[in-house]
Amino acid sequence: MVFATQFTAAYVIVNALCLVLSMIIMGAVSRNLGTQDQNRHFRLVLIAFMVFNVFDAVWALIACSGLFSPGELALSVVNGINQTALACCGCFWIHFILSFMSGEIPNRKAVTIASVIPAALVPILHAIGYVLDQNVVVHPDGTMTYGWMHTVTVCIILSYGIMSTCIMACEYRRAHSSAQRSLCLAFMTFMLPFIVGGIVDTLIPSTPIAAACIAASLTFVMVSMQESRISSDALTGLNNRHRADAYLETSMTRVTPERPIHLFMIDLDGFKGINDTFGHLEGDRALCLVADALRGACSKLSSFVARWGGDEFMLICTNLTNDDEDYVPSVIRDELAQRAAKADLPYQLSCSVGHASCDSPDEDCDRLVARADEMLYRVKRAKNVGR
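Residues numbered from 1 in each chain as written. Predicted model: local features only at pLDDT ≥ 70, side-chain atom pairs only at ≥ 80, totals over all residues. Heavy atoms only, no water.

1. Looking at the packing of helix H9 (residues 271-278) against helix H10 (residues 280-301)
Contact geometry of H9 with H10 gives a least axis separation of 7 Å together with a crossing angle of 140°. The residues of H10 that touch H9, namely those facing Phe271, Ile274, Asn275 and Phe278, are His280, Glu282, Gly283, Ala286 and Leu287. Taken together, the residues that form the contact of H9 with H10 break down as five nonpolar, three polar and one charged. (Axes fitted to C-alpha atoms, helices over the stretch in contact; angles between N-to-C directions. Helix = DSSP H or I, 4+ residues; strand = E, 2+ residues; numbered from the N terminus. Contact = heavy atoms within 4.5 Å. Nonpolar A, V, L, I, M, F, W, Y, C, P; charged D, E, K, R; others polar.)

Rendered as structure tokens:
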């Protein structure tokens, strides 16, 4: 039991500051922080959080300031919107991290449906709590208590923390670059302040910590996403060309005749036709499928992969023998064929692979890439002649 009038001003000020910070983050997101889907879902997280800020402040004002005399129904409605907005924030966050995961995951549809259930339950349970008088109760003497239904509702909202952490833990195991792993850890960390804030706010309701914790998490995630864009491709999540250049340059300083470096350039067949016929969103989907296939190939080959530019990708192997050179393209094509079959595409998805190797640290990086590119386009020309 606490005196509610003691924290009214703190609640209003903290929520107002969080609202301003959310607007600033929204502006950063509009400047293409990630892919189109990632930006859309992250904006939804921010919008839900801003609704929470507004109604959390309104509830504190009308319930605790003593300036108003609202009825129990009005208080319950405002508090219900407050909690539902927070649940939606968690729901949209799950959708956001699913859009970040460019590859296919088991039971993706089931995960998406499961993410909606807690948010749908919150207003229902809150209505039941109102009937049973087991939500937040403000007494005539200015004191406040939490009913057991309010605690249940808070626990349901906090379940998003467990769900998102489990999803990103699975993605972390699949990651094949330090940038991907760092971003996965950032997403896993996002829910820690969310959970801590919810627990503290429940145990010590005079502390307006929930909004501040979530705002800190959102800021941390935004900064982590910006940093990840330095070395990773926004659309596919693979390493970008800048990171590939650095990796290739470093790797070539260590090559020997016994440990050569093998460079594979991969190009999507008929990409322009996919864009022209089905639209650029479908073209983006095709690129993401290729990227996921290359991740699968990397896990088998213990190699480095990056998006080189457009529909061209680079795969670098430092532990192959000359007998394995033909094996790599077959692994890539098999991985791509499996994902294309699962996606049930209205077009054929295939790729061409060019290869070049180097066993001397004296060779120029650009020359090695040019040799792999030359072979790649010989392969593509041969396919065109064969049609």
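2. Overview of the packing of aromatic side chains
Taken as a whole, this structure holds five aromatic pairs when the rule is applied. Plain terms: the ring middles of Phe278 and Tyr347 are 5.1 Å apart, the flat faces sit at 45° to each other, and that makes the pair tilted. Of the two residues, Phe278 is situated in helix H9 and Tyr347 in the loop between helix H11 (327-343) and strand S7 (351-358); the sequence distance between them amounts to 69 residues. Taken together, the ring pairs in this structure connect Phe42, Trp93 and Phe96 into an aromatic cluster. (Phe/Tyr/Trp six-rings, centres within 6.5 Å; stacked < 30°, edge-to-face > 60°.)

3. A short note on H11
Its 17 residues give H11 an end-to-end C-alpha distance of 25 Å, which sits within 8% of 24 Å, the value for a rise of 1.5 Å per residue. Looking at H11, one finds that the buried residues are Val328, Pro329, Val331, Ile332, Glu335, Leu336, Arg339, Ala340 and Ala343. The buried residues of H11 occupy one face: seen down the axis, they fall within an arc of 160°. Looking at H11, the residues exposed on the side facing more than 90 degrees away from the buried face are Ala341 and Lys342. In the core, the buried residues of H11 are packed alongside strand S4 (261-268), H10, strand S6 (312-317) and S7. (Expected span 1.5 Å × (residues − 1). Buried < 20%, exposed > 50% of the residue type's maximum accessible area, 1.4 Å probe, protein only. Arc of directions from axis to C-beta.)

4. Notes on the pairing of S7
Burial analysis of S7 places seven of its eight residues in the buried class, which makes it a mostly covered element. Of the strand pairs in this sheet, S4 and S7 are connected by eight bridges, and their pairing is antiparallel. Counted as the bridge partner of Phe264 is His355 from S7. (Pairing = 2+ DSSP bridges.)

5. Digging into the side chain of Asn239
With respect to the element layout, Asn239 can be found in the loop between helix H7 (210-228) and helix H8 (241-252). Asn239 sits in the buried class, given a relative accessible area of 3%. Separated by 2.9 Å, the side chain of Asn239 and the backbone oxygen of Val305 make a polar contact. (Polar contact = N/O pair within 3.5 Å; in protein donor to acceptor, adjacent residues only side chain to side chain.)

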